[in-house]
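# Tertiary structure, described
One-letter residues, chain by chain:
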Amino acid sequence: MFDFCAVGHVTRDVIRIAGRPARRQPGGAALYAAMAAARLGLRTAVVTRMRREDQGPLLSGLEAAGVMVFCRPSRRTSFFENIYPGPDPDLREQVIGPPADPFARVDLEGVSARAYLLDPRTRRDGFASFLKVAAAKQALIALEVQGFVRLFTGPRARPGQLEREIAGFRFVNVLKAGADEAAALTGEGDAEEAVRRLAALGPSAAIVTLGSRGSLVFAEGRLHRIPAFSPRKLVDATGCGDTYLAGYVYRRLQGGGPEQCGRFAAALATLKLERYGPFTGSAGDVEALLSKARAAGV
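Right, let's walk through the structure included here. (Residues numbered from 1 in each chain as written. Predicted model: local features only at pLDDT ≥ 70, side-chain atom pairs only at ≥ 80, totals over all residues. Heavy atoms only, no water.)

A few words on the side chain of Arg263. As for its position among the elements, Arg263 is in helix H7 (residues 258-273). No salt bridge is formed by the buried Arg263; its nearest oppositely charged neighbour, Glu259, is found at 5.1 Å. Discounting residues that sit within four places of it in the chain, Arg263 has contacts with Ile226, Pro227, Phe229, Leu290, Ala293, Arg294 and Val298. (Helix = DSSP H or I, 4+ residues; strand = E, 2+ residues; numbered from the N terminus. Buried < 20%, exposed > 50% of the residue type's maximum accessible area, 1.4 Å probe, protein only. Lys, Arg positive; Asp, Glu negative; His and termini not counted. Salt bridge = Lys/Arg side-chain N within 4 Å of Asp/Glu carboxyl O. Contact = heavy atoms within 4.5 Å.)

Pairing is mixed across the open sheet formed by nine strands, whose spatial order is S5-S4-S1-S8-S9-S12-S13-S14-S15. Edge positions in the open sheet fall to strand S5 (68-73) and strand S15 (222-226), since each of these has one partner strand only. For this sheet, the mean angle separating the axes of adjacent strands, direction not counted, is 15°. Examined bridge by bridge, strand S4 (residues 44-50) and S5 share six bridges and lie parallel to one another. Note that in S5 the partner of Val46 across the bridge is Val69. Seen against the sheet, helix H6 (residues 240-253) touches strand S1 (2-7), strand S8 (113-118), strand S9 (140-144), strand S12 (174-178), strand S13 (205-209), strand S14 (215-219) and S15 and runs at an angle of roughly 165° to S9. (Pairing = 2+ DSSP bridges. Axes fitted to C-alpha atoms, helices over the stretch in contact; angles between N-to-C directions.)

This next bit is on the packing of helix H1 (residues 29-39) against H6. The contact between H1 and H6 brings their axes to 8 Å, and the two run at 40°. Taken together, the axis directions place H1 and H6 in an arrangement best described as oblique. Crossing handedness for the pair H1 and H6: right-handed. Two secondary-structure elements touch here, H1 through Ala29, Tyr32, Ala33 and Ala36 and H6 through Asp242, Thr243 and Ala246. Residue composition of the contact of H1 with H6, grouped by class: five nonpolar, one polar and one charged. (Parallel < 35°, antiparallel > 145°, perpendicular 65-115°, else oblique. Left-handed = near helix turned anticlockwise from the far one by under 90°. Nonpolar A, V, L, I, M, F, W, Y, C, P; charged D, E, K, R; others polar.)

Next up on the list: unusual backbone geometry. At Glu220, a residue that is not glycine, the phi angle is positive and equals roughly 55°. Along the chain, Glu220 turns up in the loop between S14 and S15. A residue is classified by how much of its surface remains accessible, and Glu220, at 71% relative accessible area, is exposed.

A few words now on the packing of aromatic side chains. Within this structure, the stated rule accounts for two aromatic pairs. Ring geometry for Phe2 and Phe70: centres 6.1 Å apart, planes at 85°, overall edge-to-face. One end of the pair, Phe2, is in strand S1; the other, Phe70, is in strand S5, with 68 residues separating them in the sequence. Sitting over the ring of Tyr276, Arg23 keeps its end group 4.0 Å from the ring centre. (Phe/Tyr/Trp six-rings, centres within 6.5 Å; stacked < 30°, edge-to-face > 60°. Lys NZ or Arg CZ within 6 Å of the ring centre and 35° of its normal.)

Judged by how many residues are buried, S4 sits mostly within the fold: seven of seven residues are covered. Across the two faces of S4 the burial is the same, with Thr44, Val46, Thr48 and Met50 and Ala45, Val47 and Arg49 all buried. In this fold, the crossover linking S4 to S5 by way of helix H2 (residues 55-64) has right-handed handedness. (Right-handed = clockwise from strand over helix to strand, strands pointing away.)

The next point concerns the packing of helix H4 (residues 179-186) against helix H5 (residues 191-199). Close contact between H4 and H5 brings their axes to 9 Å; oriented N to C, the two are set at 60°. Compared by their axis directions, H4 and H5 come out oblique. The interaxial crossing formed by H4 with H5 has left-handed handedness. Each of Ala182, Leu185 and Thr186 in H4 lies in contact with H5, whose residues at this interface are Ala194, Arg197 and Leu198. Of the residues belonging to the contact of H4 with H5, the class tally is four nonpolar, one polar and one charged.

The full count for this structure, using the stated rule, is 13 salt bridges. Of the charged contacts in the structure, one is a salt bridge between Arg16 and Glu81, with a shortest N-O distance of 2.3 Å. Of this pair, Arg16 sits in strand S2 (residues 11-17) while Glu81 is found in strand S6 (residues 79-84), placing the two residues 65 residues apart along the sequence. The class of Arg16 is partly exposed, set by a relative accessible area of 37%. The salt bridge partner of Asp101 is Arg75, with a shortest N-O separation of 3.0 Å. Here Asp101, found in the loop between strand S7 (93-96) and S8, pairs with Arg75, found in the loop between S5 and S6; they are 26 residues apart in sequence, far enough to count as distant. A relative accessible area of 60% means that Arg75 is categorised as exposed. The network of salt bridges with shared partners includes Asp3, Arg43 and Arg114.

Shown next, in the form of structure tokens:
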């Protein structure tokens, strides 16, 4: 049995940050979350879909980190272009190419884990019916909702409201959304009210991340305001939300409470922000940042 299994499309990414050369690199929430979990010491698996010819370039980093990859066949490999038009890492535009084939219920057969992190890239990924299957495994289920609320005007992504997917949220233990996604999902522009409404959909913990303004966790009937930590340098925000969710799940598997989980997740995402690609540090690095923050009164 694995400790942690990330389910989602590993993607071909282009990162465009104003004033810097474009970068091509593997991406996708499953990659960022799984790499973070593996570096934190969890026995980690990934379930993904892509073309056979892309498996070597996109999956070699995961395999080198000790992640067990279950790659299902697909006619295509998902492509994302992440565009940061200015210095603010909270502002991003996304362009998507034709996605990989959607997931099916059988894709989780033979893959048992203590926790599953599910991250659809778009509504077409097949995750709405997937939630019940994952929950039947009696594991902790964490869901990033960004793909459920992505709409596309041409190739560009924007948040849009959900319909039938909401019913599946009752199977989720930890539900995470960015501020725009939470507003689209709940119809509430105030982040604190939005996170309360997300919690009312059924998860035991609801999270709204606010970028450089920190994050909110609503769990056990209480709102926790999690501060953002200061990075030593700002490099690339791509994958920070996925890294945050992996860190929250990691700390929860250790028995941490909502505030402990949120602070650990925020510190982990801060360290990822300091580099291109996924987190490459250790749990000790995260604890060192937390200790420094506590000493500074943060």
